[in-house]
Amino acid sequence: MAKVIVVTSGKGGVGKTTSSASVAAGLAMQGYKTVAIDFDVGLRNLDLVMGCERRVVYDLVNVVKGEATLRQALIGDKRQEKLHVLPASQTRDKDALDFEGVGRVMQELVDMGFDYIICDSPAGIEKGAQLAMYYADEAIIVTNPEVSSVRDSDRIVGLLDAKTRRAKEGLDPIKCHLLVSRYNPQRAERGEMLSIDDILELLGIELLGAIPESQSVLNASNQGIPVVLEQESDAGAAYMDAVKRFLGEEQPHRFLEVEKKGFFSRLFSPTPRNAYAG
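1. Description of the pattern of salt bridges
Pairing between side chains becomes possible if they bear opposite charge and their charged atoms approach one another.
Argument step 1. With the rule as written, the count across this model stands at 14 salt bridges.
Argument step 2. Across the salt bridge formed by Arg44 and Asp47, the nearest N and O atoms sit 3.4 Å from each other. Summarising the burial analysis for this pair, Arg44 and Asp47 share the class buried.
Argument step 3. A salt bridge links Arg190 to Glu192; its shortest N-O distance comes to 2.9 Å.
Argument step 4. Classification of Glu192 as partly exposed rests on a relative accessible area of 44%.

Written out as structure tokens, the structure reads:
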């Protein structure tokens, strides 16, 4: 039975689309037939991050409105056979979607045999975000280690508890997973950002993983490659760890603490220059 997973947050710019792409690609790498749906109608970025922007002909709105079939709109990933993308429209607004139409698309994807349906939510708490989360079975809440981002994520947890199909039908609540993006343990240790323990205490949901600050995330996005495919990078490895935890595998949490240098690392590391030297 397919699972619908919403990737969401209250605040924009925290890494939802990057995370949606990497989670979807990671699940496909693990052998699961997966589709990632962009719900950010009017903006559309998931196709860019996944490197298929030149292949978009039809989109989610076209399918909901009956202007194209789902098979016409789905884009198969060229790197992962089991990965597909359903892009958003750039020319419509969010009112072009409705709960009934989205529900039909979800059911058709289930009938097509997808194991996971990843819904890349727009930021905020308005209709677009509510559409993305409405049919979810589980949620990945993406937050940055800053107070405003965590506070907005807490609001999203409340919506997941009250404004979804599961809530309205009295079913088991949506299981929430926390993904902390742009985490830097050195800065957290200096008090420049919230620590993982701070975030967990404020939100009270299970930690799926922490994605370290990394230039590789930007580089991969600019190349249209989900960073999870860049396994030599810390960020790529962290996303794959998170995917495996999501699937129930035991994975130690990495990148949460300041790496302690051994004697030889300290001995041979370059001596920092005095910023005020002449």
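Picking up after the structure, the text goes on.
2. A short note on the sheet that holds strand 4 (residues 83-86)
Argument step 1. As summarised here, the arrangement of the 8 strands in space is 3-4-2-5-1-6-7-8, forming an open sheet in which the pairing is mixed. What marks the edges here is a single partner per strand, and that holds for strand 3 (75-76) and strand 8 (206-212).
Argument step 2. Pairing of strand 3 with strand 4 involves 2 bridges; the strand directions are antiparallel. Its bridge partner being in strand 4, Ile75 is matched across the sheet by Val85.
Argument step 3. Along the sheet face, helix 5 (residues 99-111) touches strand 1 (3-8), strand 2 (34-38), strand 4 and strand 5 (116-120) and points at about 150° away from the line of strand 5.
Argument step 4. Helix 12 (residues 234-246) contacts strand 1, strand 5, strand 6 (138-143), strand 7 (175-183) and strand 8 of the sheet and is inclined by roughly 165° relative to strand 8.

3. So, the nonpolar core
Argument step 1. Among the nonpolar cores identified, the biggest contains 52 residues, and Ile37, Phe39, Leu97, Met106, Leu109, Ile117 and Leu160 are the most heavily contacted of them.
Argument step 2. Of all the elements, helix 7 (residues 147-162) adds the most residues to this core, at 5 residues.
Argument step 3. By size, the runner-up hydrophobic cluster in this structure holds 38 residues, among which are Ala21, Ile118, Ala220 and Ala237.

4. So, the side chain of Ser89
Argument step 1. By secondary structure assignment, the location of Ser89 is in the loop between strand 4 and helix 5.
Argument step 2. For Ser89, the side chain forms a polar contact with the main-chain nitrogen of Thr91, separated by 3.1 Å.
Argument step 3. Polar side-chain contacts of Ser89 include one of 3.2 Å to the backbone nitrogen of Arg92.
Argument step 4. Those residues in contact with Ser89, other than ones at most four positions away along the chain, are Asp40, Val41, Gly42, Leu43, Arg44, Asp59 and Val61.

5. A few points about the pairing of strand 8
Argument step 1. Among the 7 residues that make up strand 8, 6 are buried, leaving the element largely enclosed by the rest of the structure.
Argument step 2. Strand direction decides the pairing type here: strand 7 and strand 8, joined by 5 bridges, are parallel. Counted as the bridge partner of Leu179 is Gly209 from strand 8.

6. Looking at the pairing of strand 4
Regular strands have side chains that alternate between both faces of the sheet.
Argument step 1. Across the two faces of strand 4 the burial is the same, with Leu83 and Val85 and His84 and Leu86 all buried.
Argument step 2. Taken together, the 4 bridges between strand 2 and strand 4 define a ladder with parallel strand orientation. What sits directly across from Ala36, in strand 4, is Val85.
Argument step 3. Where strand 3 folds back onto strand 4 in an antiparallel hairpin, the turn is made up of 6 residues.

7. Some points on the packing of aromatic side chains
Argument step 1. Counted by the stated rule, this structure contains 4 aromatic pairs.
Argument step 2. Their ring planes at 65° and their centres at 5.9 Å tell us that Tyr116 and Phe246 sit as a pair that is edge-to-face. In this pair, Tyr116 is assigned in strand 5 and Phe246 in helix 12, connecting sequence segments 130 residues apart.
Argument step 3. Through a chain of ring-to-ring contacts, three or more aromatic side chains come together here, namely Tyr32, Tyr116 and Phe246.
Argument step 4. One residue, Lys33, lies across the ring of Phe114, its end atom 4.7 Å from the ring centre.

Conventions adopted
Residues numbered from 1 in each chain as written. Predicted model: local features only at pLDDT ≥ 70, side-chain atom pairs only at ≥ 80, totals over all residues. Heavy atoms only, no water. Salt bridge = Lys/Arg side-chain N within 4 Å of Asp/Glu carboxyl O. Buried < 20%, exposed > 50% of the residue type's maximum accessible area, 1.4 Å probe, protein only. Pairing = 2+ DSSP bridges. Helix = DSSP H or I, 4+ residues; strand = E, 2+ residues; numbered from the N terminus. Contact = heavy atoms within 4.5 Å. Axes fitted to C-alpha atoms, helices over the stretch in contact; angles between N-to-C directions. Core = buried A, V, L, I, M, F, W, Y, C linked by side-chain atoms within 4.5 Å. Polar contact = N/O pair within 3.5 Å; in protein donor to acceptor, adjacent residues only side chain to side chain. Phe/Tyr/Trp six-rings, centres within 6.5 Å; stacked < 30°, edge-to-face > 60°. Lys NZ or Arg CZ within 6 Å of the ring centre and 35° of its normal.

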